[in-house]
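Here is how the chains run, residue by residue.
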Amino acid sequence: MAAYCVALYARNTYPFGSESRAVNDLANQFIPFHAVLWDLEHGEASGDLLFSWSSGYGVPFLGEFFTYLGNPFSWLVGIFPRDMIDLPVFLVTLFSIGLGTALMTVFLGRLQPGSPWGRALLSVGYGLSAWVVNDGTYDPMWMWGIVGLPLILLAMDRCLKGRNWVVGSLLVALAWAGNFYTAAMATIAAVAVLLVRLILADDPLTDRLRILFRAGLMTVTGVLLTAPVLTVGMLASKGSQPPPPASFRGTPDALAVLAQLLPGGRADQSMPNFFIGILGLLLVAAFPFHRKVTWQERTAWLALLVLVTVSQLFEPGVLLWHGFALPNGSPFRAAFAVSGLLVMIAWLSLARRPGPVAVLAGGGLTGAILLLCQNQGSVREGTWLTVLVGGPVLIIALLLLHWRRADRPRLTAWSRATAAVLCTVGVFLGTAYSAYVPDAIRADIPFFNPLPSMTEASTRAAFADVQKSRQWPQQRTETGPHRFANNDPALLRAEGSRYYSSYLPAVTAEALQGLGISWTMNGRHIHSPEDPVTRALMGVGGYLERSSGPQGYTLMPGDPAAPLVTVRPAGTASDAVGDSVFARQQALLGASVYDIPELRHTDGPVSVRTPGGWQIPVVNKGERRTVLSARCAPGSEAFFYARWFAGWVKGPKGDAKFDGTQSMNSNPLQSLGIVPASGVVRLEMSSWRTAQEVPAGVLGCLDRGKLTAAVARLRATGATRVAAGGHTISADLPAGSTGTAVLAVTAVEGWSCSVDGGSAVTPTSFHGFMSVPLTRGASRLDCSYQPPGLRMGLIVSGAALALLLAALLLNRFGRRWTTAAAGPEMPGQRRPGHDTAADEQSVSVGA
């Protein structure tokens with residue numbers, strides 16, 4: 001932990017650096033999730049663990065909680081002020097490093113008895129492995145993976161030693177509850193280690209098979225104890241917006257993979273990051289030449305290391321390690337398992353005190369790896385410094401550890417003390433430097449830089465402004481179009497649409513895009529609305545608009561908006577209104593507020609008319625653009641919507657840039673300005689890179705007066721009072737309401753509603769939003785949400801807990817019955833095969 005902090009201090013990185021470096025953490029999508037957790041702990045959240053009203057205009061939250069906030073250290077956020085939320089998130093990483101290192105130290109002692117100081121030094125290489133400093137520290141939930149691996153290894157060790165497996169199941173459950181994604185990887189690695197230990201054991205085959213069965217039963221029971229995590233998460237993932245298409249880019253070059261053993265560097269492209277520091281590398285390199293370790297043991301462990309590493313380099317193995325789905329990003333997220341194996345082999349080498357031949361051979365092999373890989377991208381100046389300076393120092397330390405003179409005890413003690421100092425200082429400085437280098441390299445990568453608009457002062461000011469504007473649930477407060485982070489409404493405790501998550505429901509993404517809200521990341525990142533109609537429909541009473549002011553935003557009071565629950569007359573709530581964004585908005589409003597004129601080509605390069613719209617050609621800079629014209633009512637506001645268009649459109653108020661990429665990035669419904677007195681709207685258009693088709697109905701002219709009247713009707717016929725609980729929403733309706741109630745909440749699975757206390761029904765979808773038919777004379781609507789899979793998960797988890805308790809009782813009372821049946825034991829007499837100490841230990845462990 002200290003070495004990691006030293007690296008950040010040297011880099012002037014948060015929390016030891018300047019404010020400009022501190023805000024890097026705010027750009028992380030997980031900071032806002034921890035802000036929601038803070039609100040939950042302090043009773044300030046508008047939602048609860050089951051549902052969040054902060055993002056996506058209301059989305060399920062339990063799956064996100066299990067996935068992003070399962071690390072027990074996440075709960076530390078509650079003891080810090082909310083405006084320091086990035087500090088406890090940093091502590092999640094730091095404490096996970098410390099706990100993972102400590103647990104690995106304990107497991108190494110179970111693997112092979114020996115010096116706790118030696119085990120601890122090697123475990124530091126695991127706690128600050130290449131995977132931690134390159135992959136884990138930017139995803140706090142993954143950091144539980146380095147804790148989960150030794151937890152499951154310790155559980156497997158209990159089975160191997162014949163100890164009660166109940167505690168082992170609890171250890172497995174703890175690993176899976178903290179983060180099931182990395183726990184699955186850790187489980188594969190732990191099973192592989194158990195198999196090697198069974199192969200090397202001298203026990204009869206039947207005993208080894210019995211151990212394997214116990215381990216399987218223990219693991220399955222532990223996983224089933226966390227069944228709600230799995231059932232809720234899997235169903236949430238199944239219903240989520242699909243990720244961007246992922247493809248395996250091929251197996252990395254063999255030398256590029258070999259170079260990942262060398263500390264002090266970072267590759268420019270995705271690689272399995274697994275170095276464990278120079279001390280661990282030297283001991284692993286010495287292991288094949290270590291004559292004090294049997295050849296069978298050396299062969300088995302090195303074969304396991306090669307097998308696990310190779311399995312993570314080819315597509316079938318990548319699919320196995322990642323739950324049979326190619327990850328959206330680096331395909332080598334399970335590399336921490338390789339780091340764990342390297343540390344185990346290093347300890348097996350150190351625990352048997354490698355001789356001079358093995359140590360020098362290991363040093364030579366390390367030097368040969370450096371020379372072979374010197375042209376690889378991950379081998380940098382820091383790598384040469386670490387190997388050529390730290391390597392010889394630690395080789396001397398290992399030789400001193402081996403040197404002994406029976407006739408010179410003082411000299412022997414001095415050599416051992418010197419070796420201990422050299423190892424400790426070498427490991428501390430080496431791991432700190434190995435953590436320093438990747439952060440220095442990342443500083444030059446734009447992806448890791450914060451948004452220009454994001455400063456600590458501006459986010460604090462925005463939070464204060466949003467809280468003053470909030471009137472939930474009577475109206476929502478939006479945080480956009482201005483943007484601070486990827487989940488602004490959660491960060492600022494608002495009720496907006498911006499939302500970035502792997503669990504963003506497909507229903508939500510499609511419904512909000514259908515209203516003209518833009519998305520990125522193939523729909524996994526929904527942004528804020530930029531048009532007044534969507535804000536009115538979603539009940540937005542205030543929003544943050546971009547500005548050139550000192551804070552970068554202006555809090556705008558919204559126009560009068562509809563209540564969150566409105567009523568449509570019978571027969572009007574139909575989805576059959578066409579595919580136009582303007583038609584969908586008008587259907588939800590229940591009124592016509594747009595003039596949707598027909599475009600015609602009037603100037604510039606010829607635009608080909610297609611069955612679906614217009615083909616817009618590419619023009620070079622300075623050349624005339626294609627001009628499409630239409631007529632609208634003077635004074636109305638021209639809006640343009642072509643979700644996948646990439647190019648420029650010049651309207652009444654000037655140029656507007658569009659960055660659509662089907663289906664990765666969609667454009668917002670954007671204002672082009674006020675229609676002039678002539679009533680003619682000229683759209684000067686040009687495509688980027690290649691000619692593109694835009695739909696025929698891309699232009700809509702909004703009559704603000706009609707919008708105001710439509711909203712007034714919705715307010716007059718809609719809910720007179722709205723109340724929202726953590727995962728409930730209810731509304732008092734005007735007496736005698738009939739027709740259909742429409743809620744400004746997307747129709748995700750899990751909702752049930754009742755009218756006037758009647759039987760619960762599942763809401764239907766009206767353009768992606770919840771709708772409930774009203775009985776004649778309805779006056780109240782109540783809706784409640786339950787995450788799909790939660791009930792099933794609780795049942796399975798309860799069954800697993802019952803099995804665990806049964807095993808515990810059988811273990812405890814079964815031995816008492818056996819002892820009673822055998823009769824009293826005479827003083828000094830022992831029954832054959834009976835080990836009283838073992839019985840007492842077993843009962844104690846069971847308890």
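What you see as residue numbers is a count from 1 along each chain, following the sequence as written. Residues qualify for local features only when their pLDDT is at least 70, as the model is predicted, and side-chain atom pairs are given and counted only at 80 or more; totals for whole chains, interfaces and linings, by contrast, use all residues. The side-chain numbers reported here are obtained from all heavy atoms of the structure, hydrogens and water having been left aside.

> Would you mind going over the overall build of the protein with me for this structure?
Runs of H or I in DSSP of at least four residues are treated as helices and runs of E of at least two as strands, each being numbered from the N terminus. Along its length, the protein carries 28 helices and 26 strands. With the radius of gyration taken over C-alpha atoms, the globule rule is written as 2.2 Å times the number of residues to the power 0.38. A globule of 847 residues ought to have a C-alpha radius of gyration of about 29 Å, and the protein, at 32 Å, matches this closely. In terms of overall dimensions, the protein has a C-alpha envelope of 105 × 75 × 45 Å along the principal axes. A buried classification covers 56% of the 847 residues belonging to the protein. A sequence separation of at least 24 residues applies to 73% of the contacts in the protein between residues at least 6 apart. In this tally Asp and Glu are treated as negative and Lys and Arg as positive; neither His nor the chain ends contributes. A single reference atom marks each charge: NZ on Lys, CZ on Arg, CG on Asp, CD on Glu. Both charge centroids of the protein, one from 65 positive and one from 53 negative side chains, sit 7 Å from each other. Accessible area is worked out with a 1.4 Å probe on protein chains only. A residue is then buried under 20% of its type maximum, exposed over 50%, and partly exposed in between. Contacts are assigned to residue pairs with any non-hydrogen atoms lying within 4.5 Å of each other.

> What should I look at first to understand the sheet that holds strand 13 (residues 613-616) in this one?
Strand pairing in a sheet relies on backbone hydrogen bonds, with the paired strands running either antiparallel or parallel. The pairing criterion for strands is at least two bridges between them, as found by DSSP. Sheet architecture is open: three strands sit in the order 12-13-20, paired in antiparallel fashion. In this open sheet, the two strands that pair with only one neighbour each are strand 12 (608-610) and strand 20 (692-695). Strand after strand, the sheet turns through a mean of 35° between neighbouring axes, direction not considered. Sheet topology note: the strand 12/strand 13 ladder contains three bridges and is antiparallel. Bridge pairing links valine 608 to glutamine 615 in strand 13. To define axes, lines are fitted to C-alpha atoms, for helices over the stretch in contact only, and angles between the resulting N-to-C directions are given on a 0 to 180 degree scale.

> How do you make sense of the pattern of salt bridges when you look at a structure like this?
Two side chains that carry opposite charge are able to pair once their charged atoms sit near each other. Salt bridge, as used here: a side-chain nitrogen of Lys or Arg that lies within 4 Å of a carboxyl oxygen of Asp or Glu. According to the stated counting rule, one finds 21 salt bridges in the structure shown. Between arginine 82 and aspartate 39 there is a salt bridge, and its shortest N-O distance comes to 2.8 Å. Placement of the pair is arginine 82 in the loop between helix 4 (62-68) and helix 5 (86-111) and aspartate 39 in helix 3 (residues 30-41), with a sequence separation of 43 residues. Residue arginine 82 shares its accessibility class with aspartate 39, and that shared class is buried.

> I'm lost on the sheet that holds strand 4 (residues 499-500) in this one. Help?
The sheet built from three strands is open, its strands ordered 4-6-5 with antiparallel pairing. Strand pairing shows two members of the sheet lacking a second neighbour, strand 4 and strand 5 (519-520), which therefore form its edges. Relative to strand 6 (residues 525-526), strand 5 runs antiparallel, the two being bridged by two bridges. Across the sheet, the residue bridging to threonine 520 is histidine 525, located in strand 6.

> Explanation requested: the packing of aromatic side chains in the structure shown.
Two aromatic rings, drawn from Phe, Tyr or Trp (for Trp, its six-membered ring), form a pair once their centres lie within 6.5 Å of each other, and the interplanar angle then sorts them: stacked below 30 degrees, edge-to-face above 60, tilted otherwise. For the structure shown, the criterion picks out 25 aromatic pairs. Taking the centre distance of 5.1 Å and the plane angle of 75° together, the rings of phenylalanine 51 and tryptophan 751 count as edge-to-face. Here the residue phenylalanine 51 occupies a position in strand 1 (residues 51-52), and tryptophan 751 occupies one in strand 24 (residues 751-755), the gap between them amounting to 700 residues. Judged by centre distance (5.3 Å) and plane angle (45°), the rings of tryptophan 53 and tryptophan 472 are tilted. Highlighted residues: tryptophan 53 in the loop between strand 1 and strand 2 (59-60) and tryptophan 472 in the loop between helix 21 (456-469) and strand 3 (476-477), separated in sequence by 419 residues. Three or more aromatic residues joined by ring pairs make a cluster, and in this case those are Phe51, Trp53, Trp472, Trp751 and Tyr785.

> Quick question: what am I supposed to make of a nonpolar patch on the surface here?
Think of a patch as exposed residues, more than 30% relative accessible area, with no salt bridge, where like charges cluster within 9 Å and nonpolar side chains (Val, Leu, Ile, Met, Phe, Trp, Tyr) cluster within 5 Å. Per-residue and other accessible areas were derived by the Shrake-Rupley procedure at a 1.4 Å probe size, with only the shown protein chains allowed to occlude residues. On the surface, Val6, Val421, Val425, Phe428 and Leu429 cluster together to form a nonpolar patch covering roughly 410 Å² of accessible area. At four residues, the largest contribution of residues to the nonpolar patch is made by helix 20 (residues 409-442).

> What is the right way to read the state of the cysteines from this model?
Each disulfide is one covalent bond, formed between the sulfur atoms of two cysteines. Two cysteine sulfur atoms form a disulfide, by the criterion used here, when they sit within 2.5 Å. Tallied over the entire structure, the rule returns two disulfides. Disulfide pairing is shown between cysteine 632 and cysteine 701; the S-S distance is 2.0 Å. Residues cysteine 632 and cysteine 701 are joined through a disulfide that is right-handed, its torsion about the S-S bond being 70°. Of this pair, cysteine 632 sits in the loop between strand 14 (626-631) and strand 15 (637-640) while cysteine 701 sits in strand 21 (residues 699-702); the two residues are 69 residues apart in sequence, bridging distant segments of the chain. Summarising the burial analysis for this pair, cysteine 632 and cysteine 701 share the class buried. At a sulfur-sulfur separation of 2.0 Å, the disulfide partner of cysteine 753 is cysteine 783. A torsion of 110° about the S-S bond marks the disulfide between cysteine 753 and cysteine 783 as right-handed. With cysteine 753 in strand 24 and cysteine 783 in strand 26 (residues 769-785), this residue pair connects regions lying 30 residues apart in the sequence. In the protein, the bonded cysteines, taken in the order they occur along the sequence, pair up as 1-2, 3-4.

> When you look at the packing of helix 5 against helix 8 (residues 145-160) in this model, what are you seeing that I'm missing?
Axes are the key here: two packed helices are described by the angle between their axes and the distance separating the axes. The contact between helix 5 and helix 8 brings their axes to 8 Å, and the two run at 25°. Comparing their axes, helix 8 and helix 5 come out roughly parallel. As for the relative orientation of helix 5 and helix 8, their crossing is left-handed in sense. Note on element contacts: helix 8 touches helix 5 through Ile146, Val147, Leu149, Pro150, Leu151, Leu153, Leu154 and Asp157, opposite Ser96, Ile97, Leu99, Gly100, Leu103, Met104, Val106, Phe107 and Arg110. Residue composition of the contact of helix 5 with helix 8, by class: 13 nonpolar, two polar and two charged. Each angle receives one of four descriptions, namely roughly parallel if under 35 degrees, roughly antiparallel if over 145, roughly perpendicular if within 65 to 115, and oblique otherwise. The crossing is said to be left-handed when, going from far helix to near helix, the turn is anticlockwise and less than a right angle, and right-handed when the turn is clockwise. Gly is placed with the polar residues, together with every amino acid not listed as nonpolar (Ala, Val, Leu, Ile, Met, Phe, Trp, Tyr, Cys and Pro) or charged (Asp, Glu, Lys and Arg).

> Any chance you could explain the side chain of arginine 119 here in plain terms?
In this fold, arginine 119 is placed in helix 6 (residues 116-127). One buried charged residue, arginine 119, forms no salt bridge at all, with the nearest opposite charge on aspartate 157 at 11 Å. Non-local contacts of arginine 119, meaning those with residues more than four positions away in its chain, are made with Thr105, Val106, Leu108, Gly109, Gly114 and Trp347.

> How do you make sense of unusual backbone geometry when you look at a structure like this?
A negative phi angle is the norm for most residues apart from glycine, just as the trans form is the norm for most peptide bonds. Note that the residue after tryptophan 472, namely proline 473, is joined by a cis bond; omega there is 5°. Residue position: proline 473 is located in the loop between helix 21 and strand 3. Of the consecutive residues glycine 480 and proline 481, the connecting peptide bond is found in the cis state with omega at 15°. Relative to the elements of secondary structure, proline 481 occurs in the loop between strand 3 and helix 22 (488-491). The phi torsion at arginine 493 lies on the positive side, around 55°, for a residue other than glycine. Residue methionine 521 is not a glycine yet carries a positive backbone phi of 55°. Tracing the chain through its elements places methionine 521 in the loop between strand 5 and strand 6. Residue class for methionine 521 comes out partly exposed when judged on its relative accessible area of 24%.

> Can you help me understand the nonpolar core in this one?
The nonpolar side chains of a soluble globular protein tend to be buried with one another. In this structure, Phe90, Phe107, Trp301 and Met344 are the most contacted members of the largest nonpolar core, which totals 153 residues. In terms of residues, this core owes the most to one element, helix 17 (residues 335-351), which gives 13 residues. Beyond its immediate stretch of four places on either side in the chain, phenylalanine 90 contacts Tyr4, Cys5, Leu8, Tyr14, Pro15 and Phe16. To qualify as a nonpolar core, a set must consist of buried Ala, Val, Leu, Ile, Met, Phe, Trp, Tyr and Cys residues joined through side-chain atoms within 4.5 Å. Judged by nonpolar contacts, the second largest core, of 65 residues, contains Leu537, Ala562, Leu589 and Leu702.

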